[in-house]
Amino acid sequence: MSSSVTSEVSYTLPGVHVTDRTVQVPLDWARPDDGRTISVFARECVAPHRRHEDLPLLVFLQGGPGGKGPRPVGPDGWLGTALERFRVVLLDQRGTGRSSAVRAGALQRLGDAAAQAEHLSHFRADSIVRDAEHLRTTVYGGRRWSTLGQSYGGFITLTYLSLAPEGLAASYVTGGLAGLTASATDVYARTQPRVAAKNAVYRERYPHDVPTIARVADRLAAGDVVLPNGDPLTVERFQSLGMAFGMAPGFERVHWIVDEAFDAGSDELTDTFLAEVQAATSFATNPLYAVMHESIYAQSGTGATAWAAQRVRDADPAFAPSARPLLLTGEMIYPWMFEQAELRGFRAAAEALAAREDWGDLYDVDRLAANEVPVEAAVYFDDMYVDAGLSLDTAARVGNVRAWVTNEHEHDGLRLGNVLARLLERMDARGGAPA
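These remarks concern the structure in this document.

## Regarding the pattern of salt bridges
Turning to step 1, where the next piece is worked out: Within this structure, the stated rule accounts for 32 salt bridges.
Turning to step 2, where the next piece is worked out: Between Asp 92 and Arg 71 there is a salt bridge, with its nearest N and O atoms 2.7 Å apart. A residue pair is termed long-range when its members are at least 10 positions apart, and Asp 92 in strand E5 (residues 87–92) and Arg 71 in the loop between strand E4 (57–61) and helix H1 (77–83) qualify at 21 residues.
Turning to step 3, where the next piece is worked out: One salt bridge connects Glu 410 with Lys 198, and the closest N-O pair in it is separated by 2.9 Å. One end of the pair, Glu 410, is in the loop between strand E9 (401–406) and helix H16 (413–416); the other, Lys 198, is in helix H6 (residues 184–205), and 212 residues separate them in sequence. An identical accessibility class is assigned to Glu 410 and Lys 198; each is buried.
Turning to step 4, where the next piece is worked out: One continuous salt-bridge network, built from bridges that share partners, spans Asp 28, Arg 31, Asp 34, Arg 36 and Glu 118.

In C-alpha coordinates, the structure reads:
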(Lines give C-alpha, C1' and ligand atoms only; values in the text may rest on other atoms or scores of the structure.)
Protein backbone atom coordinates (compact mmCIF):
# COMPACT_ATOMS: atom_id res chain seq x y z
CA MET A 1 0.00 0.00 0.00
CA SER A 2 1.41 3.43 -0.89
CA SER A 3 1.97 6.11 1.72
CA SER A 4 -1.32 7.78 0.71
CA VAL A 5 -0.47 10.99 2.56
CA THR A 6 -3.63 13.07 2.29
CA SER A 7 -2.39 16.21 4.03
CA GLU A 8 0.88 17.69 5.25
CA VAL A 9 1.58 21.02 6.92
CA SER A 10 4.65 22.38 8.73
CA TYR A 11 5.02 25.21 11.24
CA THR A 12 7.14 26.23 14.22
CA LEU A 13 5.91 26.81 17.74
CA PRO A 14 8.32 28.12 20.38
CA GLY A 15 11.16 25.61 20.56
CA VAL A 16 9.59 22.91 18.37
CA HIS A 17 9.33 22.57 14.60
CA VAL A 18 6.25 20.57 13.71
CA THR A 19 5.09 18.65 10.65
CA ASP A 20 1.54 17.29 10.69
CA ARG A 21 0.68 14.40 8.38
CA THR A 22 -2.45 12.41 7.72
CA VAL A 23 -2.42 9.08 5.88
CA GLN A 24 -5.11 6.63 4.82
CA VAL A 25 -4.97 3.05 6.09
CA PRO A 26 -7.31 0.06 5.94
CA LEU A 27 -9.78 -0.32 8.78
CA ASP A 28 -9.05 -4.06 8.78
CA TRP A 29 -5.42 -4.87 8.09
CA ALA A 30 -6.38 -8.53 7.58
CA ARG A 31 -8.62 -7.44 4.67
CA PRO A 32 -6.97 -4.30 3.32
CA ASP A 33 -8.92 -4.37 0.04
CA ASP A 34 -12.43 -4.51 1.47
CA GLY A 35 -12.90 -0.78 0.82
CA ARG A 36 -13.09 0.37 4.44
CA THR A 37 -10.42 2.95 5.28
CA ILE A 38 -9.68 5.37 8.10
CA SER A 39 -7.27 8.28 8.58
CA VAL A 40 -4.24 8.11 10.84
CA PHE A 41 -2.62 11.34 12.00
CA ALA A 42 0.99 11.78 13.13
CA ARG A 43 2.73 14.93 14.34
CA GLU A 44 6.50 15.01 13.83
CA CYS A 45 8.48 17.23 16.22
CA VAL A 46 12.11 18.30 15.98
CA ALA A 47 14.29 20.97 17.55
CA PRO A 48 14.06 23.91 15.08
CA HIS A 49 17.82 24.30 14.70
CA ARG A 50 18.13 20.58 13.89
CA ARG A 51 15.24 20.27 11.48
CA HIS A 52 17.48 19.44 8.52
CA GLU A 53 19.63 16.90 10.38
CA ASP A 54 19.37 13.14 9.89
CA LEU A 55 18.24 12.33 13.43
CA PRO A 56 17.08 8.96 14.77
CA LEU A 57 13.32 8.55 15.07
CA LEU A 58 11.34 8.02 18.27
CA VAL A 59 7.61 7.27 18.02
CA PHE A 60 5.55 7.95 21.13
CA LEU A 61 2.88 5.40 21.96
CA GLN A 62 0.30 7.15 24.11
CA GLY A 63 -1.39 5.71 27.18
CA GLY A 64 -5.07 4.88 27.22
CA PRO A 65 -6.61 3.08 25.45
CA GLY A 66 -8.39 5.79 23.55
CA GLY A 67 -5.87 8.52 24.28
CA LYS A 68 -4.66 10.87 21.57
CA GLY A 69 -1.05 11.95 21.28
CA PRO A 70 0.08 14.92 23.38
CA ARG A 71 -0.34 18.42 21.99
CA PRO A 72 3.02 20.15 22.54
CA VAL A 73 3.26 23.75 23.68
CA GLY A 74 7.05 23.80 23.78
CA PRO A 75 10.13 21.64 24.39
CA ASP A 76 9.03 20.81 27.92
CA GLY A 77 9.23 17.68 30.06
CA TRP A 78 10.02 14.36 28.44
CA LEU A 79 9.52 15.82 24.95
CA GLY A 80 12.31 18.31 25.55
CA THR A 81 14.56 15.46 26.68
CA ALA A 82 13.69 13.44 23.59
CA LEU A 83 14.28 16.37 21.21
CA GLU A 84 17.89 16.55 22.37
CA ARG A 85 18.63 13.46 20.31
CA PHE A 86 15.53 12.38 18.34
CA ARG A 87 13.03 13.43 15.73
CA VAL A 88 9.85 12.59 17.66
CA VAL A 89 6.64 11.25 16.11
CA LEU A 90 3.49 11.80 18.17
CA LEU A 91 0.90 9.34 16.93
CA ASP A 92 -2.84 9.79 17.36
CA GLN A 93 -3.79 6.15 17.70
CA ARG A 94 -6.67 5.13 15.43
CA GLY A 95 -10.01 6.26 16.76
CA THR A 96 -8.55 9.19 18.71
CA GLY A 97 -7.75 12.84 18.11
CA ARG A 98 -7.41 13.45 14.36
CA SER A 99 -7.19 9.73 13.50
CA SER A 100 -10.82 9.08 12.52
CA ALA A 101 -12.00 9.67 16.06
CA VAL A 102 -14.81 7.29 17.04
CA ARG A 103 -18.06 9.20 17.62
CA ALA A 104 -21.25 7.68 18.96
CA GLY A 105 -23.47 8.85 16.12
CA ALA A 106 -21.24 7.50 13.36
CA LEU A 107 -20.80 4.22 15.24
CA GLN A 108 -24.56 3.75 15.58
CA ARG A 109 -25.04 4.32 11.85
CA LEU A 110 -22.96 1.21 11.18
CA GLY A 111 -25.83 -1.00 12.34
CA ASP A 112 -26.70 -3.10 15.36
CA ALA A 113 -24.53 -3.79 18.41
CA ALA A 114 -22.75 -6.69 16.69
CA ALA A 115 -21.79 -4.49 13.73
CA GLN A 116 -20.57 -1.76 16.05
CA ALA A 117 -18.47 -4.22 18.09
CA GLU A 118 -16.99 -5.69 14.90
CA HIS A 119 -15.92 -2.20 13.86
CA LEU A 120 -14.36 -1.47 17.24
CA SER A 121 -12.50 -4.79 17.27
CA HIS A 122 -10.15 -3.17 14.74
CA PHE A 123 -9.05 -0.50 17.21
CA ARG A 124 -6.79 -2.62 19.41
CA ALA A 125 -3.01 -2.77 19.75
CA ASP A 126 -2.46 -5.08 16.76
CA SER A 127 -4.08 -2.58 14.39
CA ILE A 128 -2.24 0.33 15.99
CA VAL A 129 1.08 -1.45 15.42
CA ARG A 130 0.25 -2.04 11.75
CA ASP A 131 -0.66 1.65 11.39
CA ALA A 132 2.70 2.58 12.89
CA GLU A 133 4.50 0.18 10.57
CA HIS A 134 2.73 1.73 7.60
CA LEU A 135 3.98 5.17 8.66
CA ARG A 136 7.50 3.88 9.23
CA THR A 137 7.81 2.05 5.92
CA THR A 138 6.18 4.68 3.73
CA VAL A 139 6.50 8.17 5.21
CA TYR A 140 9.89 7.40 6.79
CA GLY A 141 11.30 5.14 4.09
CA GLY A 142 11.54 2.01 6.20
CA ARG A 143 14.09 3.34 8.69
CA ARG A 144 13.98 1.56 12.01
CA TRP A 145 12.76 3.69 14.85
CA SER A 146 12.61 3.49 18.63
CA THR A 147 9.39 3.49 20.62
CA LEU A 148 8.47 5.20 23.86
CA GLY A 149 5.41 3.53 25.35
CA GLN A 150 3.63 5.14 28.29
CA SER A 151 1.18 2.89 30.18
CA TYR A 152 -1.04 1.34 27.48
CA GLY A 153 1.69 2.39 25.07
CA GLY A 154 3.82 -0.26 26.77
CA PHE A 155 1.15 -2.85 25.98
CA ILE A 156 1.35 -1.73 22.35
CA THR A 157 5.14 -2.06 22.54
CA LEU A 158 4.82 -5.73 23.49
CA THR A 159 2.48 -6.23 20.54
CA TYR A 160 4.99 -4.41 18.31
CA LEU A 161 7.76 -6.73 19.49
CA SER A 162 5.45 -9.65 18.72
CA LEU A 163 4.37 -8.56 15.24
CA ALA A 164 7.15 -6.44 13.73
CA PRO A 165 10.35 -6.32 15.80
CA GLU A 166 12.32 -5.76 12.61
CA GLY A 167 10.98 -2.21 12.61
CA LEU A 168 12.42 -1.33 16.01
CA ALA A 169 15.87 -0.12 17.00
CA ALA A 170 15.02 0.03 20.73
CA SER A 171 12.04 0.41 23.02
CA TYR A 172 11.44 2.39 26.18
CA VAL A 173 8.47 1.58 28.42
CA THR A 174 7.17 3.62 31.33
CA GLY A 175 4.64 1.94 33.58
CA GLY A 176 3.35 -0.34 30.84
CA LEU A 177 4.66 -3.91 30.91
CA ALA A 178 1.41 -5.86 30.61
CA GLY A 179 0.84 -9.37 31.88
CA LEU A 180 1.30 -11.52 28.80
CA THR A 181 -1.44 -14.03 29.64
CA ALA A 182 -3.39 -12.21 32.36
CA SER A 183 -7.13 -11.85 31.78
CA ALA A 184 -9.08 -8.75 32.72
CA THR A 185 -10.28 -10.58 35.82
CA ASP A 186 -6.69 -11.41 36.79
CA VAL A 187 -5.69 -7.77 36.37
CA TYR A 188 -8.51 -6.35 38.50
CA ALA A 189 -8.05 -8.98 41.19
CA ARG A 190 -4.50 -7.66 41.54
CA THR A 191 -5.21 -3.93 41.25
CA GLN A 192 -8.25 -3.85 43.57
CA PRO A 193 -6.06 -4.29 46.70
CA ARG A 194 -3.74 -1.59 45.35
CA VAL A 195 -6.69 0.79 45.15
CA ALA A 196 -7.66 -0.04 48.73
CA ALA A 197 -4.09 0.72 49.80
CA LYS A 198 -4.20 4.11 48.05
CA ASN A 199 -7.44 4.89 49.89
CA ALA A 200 -5.65 4.18 53.18
CA VAL A 201 -2.87 6.61 52.24
CA TYR A 202 -5.46 9.24 51.35
CA ARG A 203 -7.26 8.83 54.69
CA GLU A 204 -3.97 9.11 56.55
CA ARG A 205 -3.08 12.29 54.69
CA TYR A 206 -6.53 13.89 54.94
CA PRO A 207 -8.33 12.29 57.90
CA HIS A 208 -10.76 15.21 58.12
CA ASP A 209 -12.03 14.32 54.63
CA VAL A 210 -13.38 10.96 55.84
CA PRO A 211 -16.53 12.31 57.51
CA THR A 212 -17.10 14.73 54.62
CA ILE A 213 -16.92 11.90 52.11
CA ALA A 214 -19.40 9.90 54.19
CA ARG A 215 -21.68 12.92 54.35
CA VAL A 216 -21.50 13.32 50.56
CA ALA A 217 -22.29 9.64 50.06
CA ASP A 218 -25.26 9.79 52.43
CA ARG A 219 -26.62 12.80 50.57
CA LEU A 220 -26.19 11.09 47.20
CA ALA A 221 -27.82 7.90 48.46
CA ALA A 222 -30.90 9.93 49.31
CA GLY A 223 -31.23 10.78 45.61
CA ASP A 224 -32.21 13.84 43.55
CA VAL A 225 -28.66 15.20 43.11
CA VAL A 226 -28.09 16.23 39.52
CA LEU A 227 -24.90 17.27 37.75
CA PRO A 228 -24.80 20.39 35.57
CA ASN A 229 -25.32 18.27 32.41
CA GLY A 230 -28.46 16.67 33.85
CA ASP A 231 -26.92 13.32 34.80
CA PRO A 232 -27.82 12.04 38.26
CA LEU A 233 -24.85 11.96 40.61
CA THR A 234 -24.76 8.54 42.24
CA VAL A 235 -22.51 7.25 45.00
CA GLU A 236 -20.80 5.01 42.44
CA ARG A 237 -19.92 7.92 40.19
CA PHE A 238 -18.62 9.89 43.16
CA GLN A 239 -16.46 6.91 44.11
CA SER A 240 -14.87 6.92 40.66
CA LEU A 241 -12.96 10.07 41.65
CA GLY A 242 -10.42 7.60 43.03
CA MET A 243 -9.13 6.97 39.52
CA ALA A 244 -6.90 9.99 40.21
CA PHE A 245 -5.15 8.21 43.09
CA GLY A 246 -2.69 6.57 40.70
CA MET A 247 -1.16 9.91 39.67
CA ALA A 248 1.27 11.93 41.76
CA PRO A 249 -1.06 14.87 42.59
CA GLY A 250 -4.19 12.70 42.63
CA PHE A 251 -4.76 12.78 46.38
CA GLU A 252 -4.66 16.55 46.30
CA ARG A 253 -7.01 16.81 43.32
CA VAL A 254 -9.63 14.74 45.15
CA HIS A 255 -9.06 16.55 48.44
CA TRP A 256 -9.73 19.97 46.93
CA ILE A 257 -12.93 18.73 45.31
CA VAL A 258 -14.14 17.27 48.61
CA ASP A 259 -13.01 20.40 50.45
CA GLU A 260 -15.75 22.48 48.79
CA ALA A 261 -18.53 19.89 48.86
CA PHE A 262 -20.69 21.87 51.30
CA ASP A 263 -21.07 25.49 52.26
CA ALA A 264 -21.00 26.19 55.98
CA GLY A 265 -24.37 25.46 57.56
CA SER A 266 -25.78 23.78 54.43
CA ASP A 267 -26.63 20.16 53.71
CA GLU A 268 -26.77 20.69 49.96
CA LEU A 269 -23.84 20.02 47.68
CA THR A 270 -22.33 23.13 46.14
CA ASP A 271 -22.42 24.01 42.45
CA THR A 272 -18.63 24.11 42.51
CA PHE A 273 -18.44 20.56 43.81
CA LEU A 274 -20.93 19.26 41.26
CA ALA A 275 -19.11 20.92 38.36
CA GLU A 276 -15.75 19.56 39.47
CA VAL A 277 -17.08 16.03 39.96
CA GLN A 278 -18.65 16.10 36.51
CA ALA A 279 -15.40 17.25 34.90
CA ALA A 280 -13.28 14.73 36.81
CA THR A 281 -15.50 11.75 36.02
CA SER A 282 -16.47 12.53 32.42
CA PHE A 283 -15.33 10.64 29.33
CA ALA A 284 -16.51 13.35 26.93
CA THR A 285 -13.06 13.87 25.41
CA ASN A 286 -11.99 10.20 25.39
CA PRO A 287 -15.04 7.90 25.13
CA LEU A 288 -12.98 5.16 23.49
CA TYR A 289 -11.07 4.82 26.76
CA ALA A 290 -14.22 3.55 28.47
CA VAL A 291 -15.52 1.54 25.52
CA MET A 292 -12.29 -0.35 24.80
CA HIS A 293 -10.81 -0.56 28.27
CA GLU A 294 -11.38 -4.19 29.17
CA SER A 295 -10.80 -5.42 25.60
CA ILE A 296 -7.09 -4.57 25.88
CA TYR A 297 -6.78 -7.65 28.11
CA ALA A 298 -8.79 -9.97 25.84
CA GLN A 299 -6.97 -12.73 23.96
CA SER A 300 -7.80 -16.13 22.55
CA GLY A 301 -7.41 -17.88 25.89
CA THR A 302 -9.18 -15.40 28.14
CA GLY A 303 -12.75 -15.67 26.94
CA ALA A 304 -15.20 -12.81 27.27
CA THR A 305 -14.23 -9.96 29.57
CA ALA A 306 -17.84 -9.89 30.83
CA TRP A 307 -17.43 -6.67 32.86
CA ALA A 308 -14.55 -8.08 34.88
CA ALA A 309 -14.03 -4.96 36.99
CA GLN A 310 -17.65 -4.99 38.13
CA ARG A 311 -17.47 -8.68 39.03
CA VAL A 312 -14.32 -8.17 41.09
CA ARG A 313 -15.88 -5.17 42.80
CA ASP A 314 -19.11 -7.05 43.60
CA ALA A 315 -17.05 -9.70 45.37
CA ASP A 316 -15.43 -7.10 47.65
CA PRO A 317 -17.92 -5.55 50.12
CA ALA A 318 -15.33 -2.97 51.19
CA PHE A 319 -16.09 -1.09 47.94
CA ALA A 320 -19.87 -1.17 48.35
CA PRO A 321 -21.57 2.25 48.08
CA SER A 322 -22.98 1.70 51.57
CA ALA A 323 -19.62 0.89 53.17
CA ARG A 324 -18.03 3.34 55.59
CA PRO A 325 -15.43 4.59 55.31
CA LEU A 326 -16.40 4.92 51.68
CA LEU A 327 -13.65 3.67 49.37
CA LEU A 328 -13.05 5.42 46.09
CA THR A 329 -12.45 3.23 43.06
CA GLY A 330 -9.54 3.12 40.62
CA GLU A 331 -8.87 2.63 36.92
CA MET A 332 -11.89 0.43 36.36
CA ILE A 333 -14.74 0.75 33.89
CA TYR A 334 -18.17 -0.35 35.09
CA PRO A 335 -21.32 -0.98 33.04
CA TRP A 336 -23.28 1.76 34.84
CA MET A 337 -20.88 4.32 33.38
CA PHE A 338 -22.62 3.90 30.04
CA GLU A 339 -25.64 5.64 31.54
CA GLN A 340 -23.59 8.88 31.56
CA ALA A 341 -24.57 11.37 28.88
CA GLU A 342 -21.37 11.15 26.86
CA LEU A 343 -21.31 7.33 26.87
CA ARG A 344 -24.98 6.38 26.34
CA GLY A 345 -24.52 6.17 22.59
CA PHE A 346 -21.78 3.58 23.08
CA ARG A 347 -23.69 1.30 25.45
CA ALA A 348 -24.82 -1.30 22.93
CA ALA A 349 -21.32 -1.60 21.49
CA ALA A 350 -19.78 -1.84 24.96
CA GLU A 351 -22.16 -4.63 25.95
CA ALA A 352 -21.36 -6.52 22.74
CA LEU A 353 -17.61 -6.13 23.31
CA ALA A 354 -17.97 -7.40 26.89
CA ALA A 355 -19.72 -10.54 25.58
CA ARG A 356 -17.32 -11.15 22.68
CA GLU A 357 -15.25 -14.34 22.93
CA ASP A 358 -13.47 -14.64 19.57
CA TRP A 359 -10.49 -12.40 20.29
CA GLY A 360 -7.11 -12.82 18.67
CA ASP A 361 -3.86 -12.86 20.58
CA LEU A 362 -2.00 -9.59 21.09
CA TYR A 363 1.29 -11.14 22.19
CA ASP A 364 3.44 -13.89 20.70
CA VAL A 365 4.96 -15.39 23.83
CA ASP A 366 7.56 -17.46 21.97
CA ARG A 367 8.69 -14.57 19.80
CA LEU A 368 8.90 -12.30 22.82
CA ALA A 369 11.04 -14.83 24.67
CA ALA A 370 13.51 -14.69 21.76
CA ASN A 371 13.36 -10.89 21.46
CA GLU A 372 16.60 -9.16 20.50
CA VAL A 373 15.38 -5.53 20.48
CA PRO A 374 16.87 -3.79 23.54
CA VAL A 375 14.14 -2.66 25.94
CA GLU A 376 14.49 -0.40 28.96
CA ALA A 377 11.40 -0.37 31.18
CA ALA A 378 10.45 1.68 34.22
CA VAL A 379 8.31 -0.39 36.59
CA TYR A 380 6.61 1.67 39.28
CA PHE A 381 6.53 -0.49 42.37
CA ASP A 382 3.43 1.16 43.84
CA ASP A 383 1.61 1.55 40.49
CA MET A 384 -2.17 1.48 41.02
CA TYR A 385 -2.95 0.96 37.33
CA VAL A 386 -0.43 -1.63 36.13
CA ASP A 387 0.45 -4.31 38.66
CA ALA A 388 4.19 -4.42 39.30
CA GLY A 389 4.09 -8.16 39.88
CA LEU A 390 2.72 -8.80 36.42
CA SER A 391 5.20 -6.32 34.94
CA LEU A 392 8.19 -8.05 36.52
CA ASP A 393 6.93 -11.44 35.37
CA THR A 394 6.75 -10.06 31.84
CA ALA A 395 10.23 -8.55 32.12
CA ALA A 396 11.53 -11.99 33.03
CA ARG A 397 9.75 -13.64 30.09
CA VAL A 398 10.71 -11.20 27.32
CA GLY A 399 14.23 -11.32 25.96
CA ASN A 400 16.53 -8.30 26.24
CA VAL A 401 14.30 -6.41 28.70
CA ARG A 402 15.93 -4.65 31.62
CA ALA A 403 13.64 -3.27 34.30
CA TRP A 404 14.28 -0.29 36.51
CA VAL A 405 12.01 -0.80 39.52
CA THR A 406 11.29 2.36 41.51
CA ASN A 407 8.85 3.74 44.06
CA GLU A 408 10.00 7.32 43.42
CA HIS A 409 7.21 7.87 40.91
CA GLU A 410 3.55 7.16 40.43
CA HIS A 411 2.07 6.12 37.09
CA ASP A 412 2.70 9.56 35.60
CA GLY A 413 6.44 9.53 36.26
CA LEU A 414 7.17 10.16 32.58
CA ARG A 415 5.23 13.42 32.68
CA LEU A 416 6.40 14.67 36.06
CA GLY A 417 9.85 13.18 36.52
CA ASN A 418 13.14 12.50 34.77
CA VAL A 419 12.16 8.97 33.82
CA LEU A 420 13.00 9.19 30.12
CA ALA A 421 16.44 10.64 30.85
CA ARG A 422 17.10 7.75 33.22
CA LEU A 423 16.02 5.15 30.65
CA LEU A 424 18.16 6.76 27.95
CA GLU A 425 21.16 6.71 30.28
CA ARG A 426 20.56 3.02 30.98
CA MET A 427 20.31 2.29 27.26
CA ASP A 428 23.53 4.21 26.60
CA ALA A 429 25.29 2.22 29.32
CA ARG A 430 24.47 -1.05 27.56
CA GLY A 431 25.77 0.19 24.25
CA GLY A 432 22.87 2.25 22.96
CA ALA A 433 20.27 1.45 20.35
CA PRO A 434 21.58 -0.27 17.22
CA ALA A 435 22.10 2.10 14.30
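Next comes the rest of the account.
## Here's the deal with the nonpolar core
Turning to step 1, where the next piece is worked out: Counting 110 residues, the largest nonpolar core has Leu 91, Leu 120, Trp 145, Tyr 188, Leu 269, Phe 273 and Phe 338 as its most contacted members.
Turning to step 2, where the next piece is worked out: With six residues, helix H5 (residues 152–163) is the largest single contributor of residues to this core.
Turning to step 3, where the next piece is worked out: Those residues in contact with Trp 145 that sit more than four places away from it in its chain are Leu 57, Val 59, Val 89, Ala 132, Leu 135, Arg 136, Tyr 140, Tyr 160, Gly 167, Leu 168, Ala 169 and Ala 170.
Turning to step 4, where the next piece is worked out: Among the nonpolar cores identified, the runner-up in size contains 25 residues, and Cys 45, Phe 60, Ala 82 and Ala 170 belong to it.

## Remarks on the sheet that holds strand E6 (residues 145–150)
Turning to step 1, where the next piece is worked out: Here we have nine strands laid out as an open sheet, ordered E1-E2-E3-E5-E4-E6-E7-E8-E9, and mixed in their pairing. Edge positions in the sheet fall to strand E1 (5–13) and E9, since each of these pairs with one other strand and no more. Averaged over neighbouring strand pairs, the angle between their axes works out to 20 degrees when direction is ignored.
Turning to step 2, where the next piece is worked out: Helix-sheet contacts for helix H4 (residues 125–139) involve E1, strand E2 (16–26), strand E3 (37–46), E5 and E6, and the interaxial angle to E2 is about 115 degrees.

## Thoughts on the pairing of E2
Turning to step 1, where the next piece is worked out: Judged by how many residues are buried, E2 sits mostly within the fold: 10 of 11 residues are covered.
Turning to step 2, where the next piece is worked out: Note that E1 and E2 share eight bridges and pair antiparallel. Note on E2: the bridge partner recorded for Val 5 is Val 23.
Turning to step 3, where the next piece is worked out: Connecting E1 to the antiparallel partner E2 that follows it, the hairpin turn spans two residues, and Gly 15 within it adopts a positive phi of roughly 85 degrees.
Turning to step 4, where the next piece is worked out: In the sheet, E2 pairs with E3 via 10 bridges, with the strands oriented antiparallel. By the bridge assignment, Asp 20 is partnered in E3 with Arg 43.

Criteria and thresholds
Residues numbered from 1 in each chain as written. Predicted model: local features only at pLDDT ≥ 70, side-chain atom pairs only at ≥ 80, totals over all residues. Heavy atoms only, no water. Salt bridge = Lys/Arg side-chain N within 4 Å of Asp/Glu carboxyl O. Helix = DSSP H or I, 4+ residues; strand = E, 2+ residues; numbered from the N terminus. Buried < 20%, exposed > 50% of the residue type's maximum accessible area, 1.4 Å probe, protein only. Core = buried A, V, L, I, M, F, W, Y, C linked by side-chain atoms within 4.5 Å. Contact = heavy atoms within 4.5 Å. Pairing = 2+ DSSP bridges. Axes fitted to C-alpha atoms, helices over the stretch in contact; angles between N-to-C directions.

Honestly, that's just the spatial picture; any functional story needs more than this.
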